[in-house]
Amino acid sequence: MTKFDINRRKIIKTAGFVSASLPFIYLVGCGSDTKVDISDSNGSDNTNNNTDNSTDNTTDNTEYSGEWAQGGTANMTANFPDDSIFALASACTVKLTGNFTEGPCYFQADDLDDISAEQTGLPMQLCLRLVDSNCQPLSAHEIEVWHCDVNGLYSGDTSGSADSGRFAGSFCTANDSKAVASKWFRGTQVTDSNGRVNFKTCFPGWYSGRTIHIHFRVKNNNNDQVISQFCFPDSFTKEICTTHPNYLARGEQDTPVEAGRDNVFGNNYQDYFFDYQQNDDGSLLAYKTIQIA
């Protein structure tokens, strides 16, 4: 581990105890089984700090016999699923949870459907649905997401952003020239009449001290309602990080969420797991319902 990794990990450990002063939210479990087309799953996340490493984690496709797609969203042909994946039935139950830290790598993103900016990785459909305390969908709310690339680097081109004052430049980009000049894996959409947003993206990589995760925030009339994060089970992230050509070079994450070592999710990590499954084209579908009081 480099000196940069150690310093970054110390900052993460400190930031994990700083939560946003926002209302509580609920994560919804509606009595349906998680849809998974593979065996057990798990989450991980860490960072590579070599200069210009943002698109290098690929190997010869002929060496990969797995069933997961690769190469980014251009290779994703599956249609987004309908709202039945969220299983919002009469048996809807809720679990109260608090907000999580925004983290040091946020800046306001553009309105985008495909947030990958043609970066490589396991192509992923990211579907979120927003509901109220009665499980009724909330329309016309902004949902913004951001996450790192396959190498654990966040994009750093803050030009045009109206809210970039808290962005911790070199910490997030590792001063990688491609990352500094990019806006990959950031985007905002407005919920439709069913409270739904869909993003095209890629499964994130990892950086030291954190499990693999995706940040999100919800706004209504420009006022924050929720700032939080979701993650994946360790067995799933281990499979992707140790077998998939776009992630194999970096290997398994150093902070498994189920070991309780991630200082953001802590021991309540299961409440923040995405539901997920494999699409027919080999892409990943990750989905979750957010409920605000």
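Keep in mind the model is a prediction, meaning the values are calculated, not measured. (Residues numbered from 1 in each chain as written. Predicted model: local features only at pLDDT ≥ 70, side-chain atom pairs only at ≥ 80, totals over all residues. Heavy atoms only, no water.)

Now for the sheet that holds strand 5 (residues 186-190). Spatially, the 4 strands line up as an open sheet ordered 5-4-7-8, and their pairing is antiparallel. In this open sheet, the two strands that pair with only one neighbour each are strand 5 and strand 8 (223-231). Between one strand axis and the next, the sheet turns by 20° as a mean value, whatever way the strands run. Two strands pair when backbone bridges link them, and strand 4 (residues 142-146) and strand 5 are joined in this way by 5 bridges, in the antiparallel orientation. Looking across to strand 5, one finds that Glu 142 is bridged to Val 190. (Pairing = 2+ DSSP bridges. Helix = DSSP H or I, 4+ residues; strand = E, 2+ residues; numbered from the N terminus. Axes fitted to C-alpha atoms, helices over the stretch in contact; angles between N-to-C directions.)

Now for the state of the cysteines. Counted by the stated rule, this structure contains 1 disulfide. A disulfide bridge connects Cys 105 with Cys 172, and the sulfur atoms are separated by 2.1 Å. The chirality of the disulfide connecting Cys 105 with Cys 172 is left-handed, given an S-S dihedral of about -95°. Of this pair, Cys 105 sits in the loop between strand 2 (93-97) and strand 3 (123-131) while Cys 172 sits in helix 2 (residues 169-173), and the two are 67 residues apart along the sequence. The burial state of Cys 105 is the same as that of Cys 172; both residues are buried. With no disulfide of its own, Cys 148 lies closest to Cys 105 among cysteine sulfurs, the gap being 8.7 Å. (Disulfide = S-S within 2.5 Å. Buried < 20%, exposed > 50% of the residue type's maximum accessible area, 1.4 Å probe, protein only.)

This brings us to the nonpolar core. Within the largest apolar cluster, 46 residues are counted, with the highest numbers of intra-cluster contacts made by Leu 128, Val 145, Phe 203, Phe 232, Phe 236, Phe 274 and Leu 284. Counting residues per element, the ones that place at least two in this core are strand 3, strand 4, strand 6 (196-202), strand 7 (213-220), strand 8, helix 4 (234-243) and strand 10 (284-292). Not counting chain neighbours up to four residues away, the residues in contact with Leu 284 comprise Trp 68, Leu 122, Pro 123, Met 124, Gln 125, Phe 203, Phe 232, Phe 236, Tyr 276, Gln 277 and Asn 279. (Core = buried A, V, L, I, M, F, W, Y, C linked by side-chain atoms within 4.5 Å. Contact = heavy atoms within 4.5 Å.)

The buried count for strand 3 comes to 9 of 9 residues, which makes it a mostly enclosed element. Neither face of strand 3 is exposed, since Pro 123, Gln 125, Cys 127, Arg 129 and Val 131 on one face and Met 124, Leu 126, Leu 128 and Leu 130 on the opposite face are all buried. Note that strand 3 and strand 6 share 7 bridges and pair antiparallel. Across the sheet, residue Leu 128 finds its bridge partner in strand 6, namely Val 197. In this structure, strand 3 lies alongside strand 10, joined through 8 bridges in parallel fashion. The partner of Gln 125 across the bridge, within strand 10, is Leu 285.

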